Amino acid sequence: MNNELNINSNFFYEHITLKLIFYYILSTSDQEDMTLESCCSALNKELNLRQKDKSLVDEFPKEHPAAILSEQTKKISLSEYEKIISSLIFKLKAYDDISGYCKLKTIQSDEEVEDFVYEILFYCKGIDELKNEAEHNMYAMTELALRLSKCKLDNEAFKLFEKASNQGYKLATYKKIWSIYHGYGTEKNYIEAFKQITELRKQTSHPGVTLLLANMYYLGNGTNKDYIKAFELYCEIENLLPSAKYNLGEMYLNGYGIKKDENKGKELIIAAAKAG
């Protein structure tokens, strides 16, 4: 084997190592400990164990996804594994600075594990890399679209969200619906947005999807106002998204969908403000 991994091999081993760590955290941690900081700690522990020819998942059944991935990581040298883990820790910290919450807390399927790994890895790619890969890769398309939308290039972003959505990437589908709801890069259409977000909600646990649907029930956009449904949805994600907690506070203050409780409402609004 060459002393240095090539770019494609490096990405491949970052991919499988991060998946290994995610499966480890999902299998061993309480929800409150499912953070990217915990993943960084697990990566350091994995490296320390690897120096002793061991792994975090040695006690896992051989058929467990993490155990299978661990066997694959043993194909590279310790020095290469150190570089992979160092790179992943850097990327997790970079992503954690902007994410606001950890999606590990809501993951319910292998597909969502895979998507979250790629979301982080592509978030850390340079713009030229994304442009080169966006022709054929739905993760590159979506990350590029997110950057375009931040620059107010909504028409170009919407086209990429739509293309990636057609390839089955649920984050892209959510962003496409978000664009339809707000009229970013396409005509605003509450009814169509409600129809699509209701269907997407059946397929993913993404808290942003839940939040958008809750907002539509709360405001009566694209559907009839339904404070009870909105309240139930906000409750599901109040510990993940400050905006959900804030809206719950408003509902308690005004008695929307729940018995009026001004003290509870103020408490939630203050907590939401502190959470950002």
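None of the values given here were measured: they were computed from a predicted structure.

**Q** Even after reading the chapter, I still don't get the overall build of the protein, so can you show me in this structure?
**A** Regarding its fold elements, the protein presents 14 helices and 0 strands. When the elements of the protein are put in sequence order from the N terminus, they spell out α-α-α-α-α-α-α-α-α-α-α-α-α-α. Expected size for 276 residues packed as a compact globule is a radius of gyration near 19 Å; at 21 Å, the protein falls within 12% of this value. In terms of overall dimensions, the protein has a C-alpha envelope of 65 × 40 × 30 Å along the principal axes. Evaluated residue by residue, the protein yields a buried proportion of 47% over its 276 residues. By sequence separation, contacts in the protein at least 24 residues apart represent 55% of the contacts at least 6 residues apart. Computed over 35 positive and 41 negative side-chain charges, the separation of the two mean positions in the protein equals 3 Å.

**Q** Teacher, can you tell me more about the environment of Glu 129 here?
**A** With respect to the element layout, Glu 129 can be found in helix H6 (residues 127–133). The spacing of Glu 129 and Leu 144 is 15 residues in sequence and 9.7 Å in space, taken between C-alpha atoms.

**Q** Can you walk me through the environment of Tyr 13 in this structure?
**A** Assignment of secondary structure puts Tyr 13 in helix H1 (residues 7–28). Taking the C-alpha atoms as reference points, Tyr 13 and Gln 108, separated by 95 residues in sequence, lie 24 Å from one another.

**Q** Got a minute to help me understand the packing of aromatic side chains in this structure?
**A** For any pair of aromatic rings, geometry is given as the distance between the ring centres together with the angle between the planes. Under the counting rule described, the total for this entry stands at 19 aromatic pairs. Between the aromatic rings of Tyr 227 and Tyr 256, the centroid separation amounts to 4.5 Å while the plane-to-plane angle is 10°, which identifies the pairing as stacked. Of this pair, Tyr 227 sits in helix H12 (residues 227–237) while Tyr 256 sits in the loop between helix H13 (242–254) and helix H14 (262–275), and the two are 29 residues apart along the sequence. A relative accessible area of 24% places Tyr 227 in the partly exposed class. Linked through ring pairs, Phe 11, Tyr 118, Phe 122, Tyr 139 and Tyr 169 together constitute an aromatic cluster. Its guanidinium or amino end placed over the ring of Tyr 81, Arg 50 lies 4.6 Å from that ring's centre, counting from NZ or CZ. The aromatic ring of Phe 122 is capped on one face by Lys 125, whose charged end is 5.2 Å from the ring centroid.

Cut-offs used in this document
Residues numbered from 1 in each chain as written. Predicted model: local features only at pLDDT ≥ 70, side-chain atom pairs only at ≥ 80, totals over all residues. Heavy atoms only, no water. Helix = DSSP H or I, 4+ residues; strand = E, 2+ residues; numbered from the N terminus. Rg over C-alpha atoms; globule rule 2.2 N^0.38 Å. Buried < 20%, exposed > 50% of the residue type's maximum accessible area, 1.4 Å probe, protein only. Contact = heavy atoms within 4.5 Å. Lys, Arg positive; Asp, Glu negative; His and termini not counted. Charge placed at Lys NZ, Arg CZ, Asp CG, Glu CD. Phe/Tyr/Trp six-rings, centres within 6.5 Å; stacked < 30°, edge-to-face > 60°. Lys NZ or Arg CZ within 6 Å of the ring centre and 35° of its normal.

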